[in-house]
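An overview of the molecular structure
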Amino acid sequence: MKKRHKRLALIAGGLTAFGIATALVLNAFQSNLVFFFTPTQVSAGEAPQERTFRVGGMVQTGSVQRQSDGLTVKFVVTDTAKMIPVSYTGILPDLFSEGKGVVAQGKLGADGLFRAEEVLAKHDENYMPAEAQHALDEAAKNTTATRP
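Residues numbered from 1 in each chain as written. Predicted model: local features only at pLDDT ≥ 70, side-chain atom pairs only at ≥ 80, totals over all residues. Heavy atoms only, no water.

Considering the overall build of the protein
- The number of helices and strands found in the protein is three helices and seven strands.
- For the protein, the sequential pattern of α-helices and β-strands runs α-β-α-β-β-β-β-β-β-α.
- In the protein, which comprises 148 residues, the share counted as buried stands at 30%.
- Taking contacts inside the protein between residues at least 6 apart in sequence as the whole, the part at least 24 apart equals 51%.
- Counting only carbon and sulfur atoms, one obtains 57% of the accessible surface of the protein, whose full area is about 9,700 Å². (Helix = DSSP H or I, 4+ residues; strand = E, 2+ residues; numbered from the N terminus. Buried < 20%, exposed > 50% of the residue type's maximum accessible area, 1.4 Å probe, protein only. Contact = heavy atoms within 4.5 Å. Areas by Shrake-Rupley, 256 points an atom, 1.4 Å probe, with all protein chains shown as cover.)

Considerations on the nonpolar core
- Residues V42, F53, F75, V86, F114 and V119 are the most contacted members of the largest nonpolar core, which totals 20 residues.
- Looking at this core, the elements that each hand over two or more residues are β2 (53-59), β4 (72-78), β5 (83-89), β6 (101-108) and β7 (114-121).
- If we skip the residues at most four places from it in the chain, V119 touches F75, Y88, L92, P93, F96, V102, V103 and A104. (Core = buried A, V, L, I, M, F, W, Y, C linked by side-chain atoms within 4.5 Å.)

A word on the packing of aromatic side chains
- Considering all chains together, one arrives at three aromatic pairs under this definition.
- Each ring, one from F75 and one from F96, has its centre 4.9 Å from the other, and the planes form 65°; the classification is edge-to-face. Here F96 lies in the loop between β5 and β6 and F75 lies in strand β4, a separation of 21 residues in the sequence. The two residues F75 and F96 agree in class, both being buried.
- Grouping aromatic residues by their ring pairs yields a cluster made of F37, F53 and F114. (Phe/Tyr/Trp six-rings, centres within 6.5 Å; stacked < 30°, edge-to-face > 60°.)

Brief notes about the confidence of the model for the protein
- Model confidence for the protein is summarised by a mean pLDDT of 84, while 90% of its residues fall at 70 or above.
- Ranking the helices and strands of the protein by mean pLDDT puts β5 first, with 93, and helix α3 (residues 130-146) last, with 71. (pLDDT = per-residue confidence, 0-100.)

Okay, here's the thing in structure tokens:
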């Protein structure tokens, strides 16, 4: 094999290895990518069905229902415009309570119930995820704009 052919084979092998590595990284990134949606966006059908995403807003006052098994909790997440029912089985964060900010990660079922795999609550009195705060601000703006 000539020196030129060896060099071309080495370059082709390097490009192939780089392409395979890039494909693997992009595939891993795509499968771990989780988007955030507001209850209004979920109600409008913008959220993916049978794919993991996050929904955030406020836990509606009076909506928390603890089931008899002691671990399953059902509650409603709202952005003051729309509401999404959520079911979660597990131990809730200590700061989880009605009227407080929450972000739930899970999948939306065909029945409209969001089955959360993870629930995140705000960690102090001043914190709310930026996406959730923006969603609440937008919902409040839209609600006041539509009132006579």
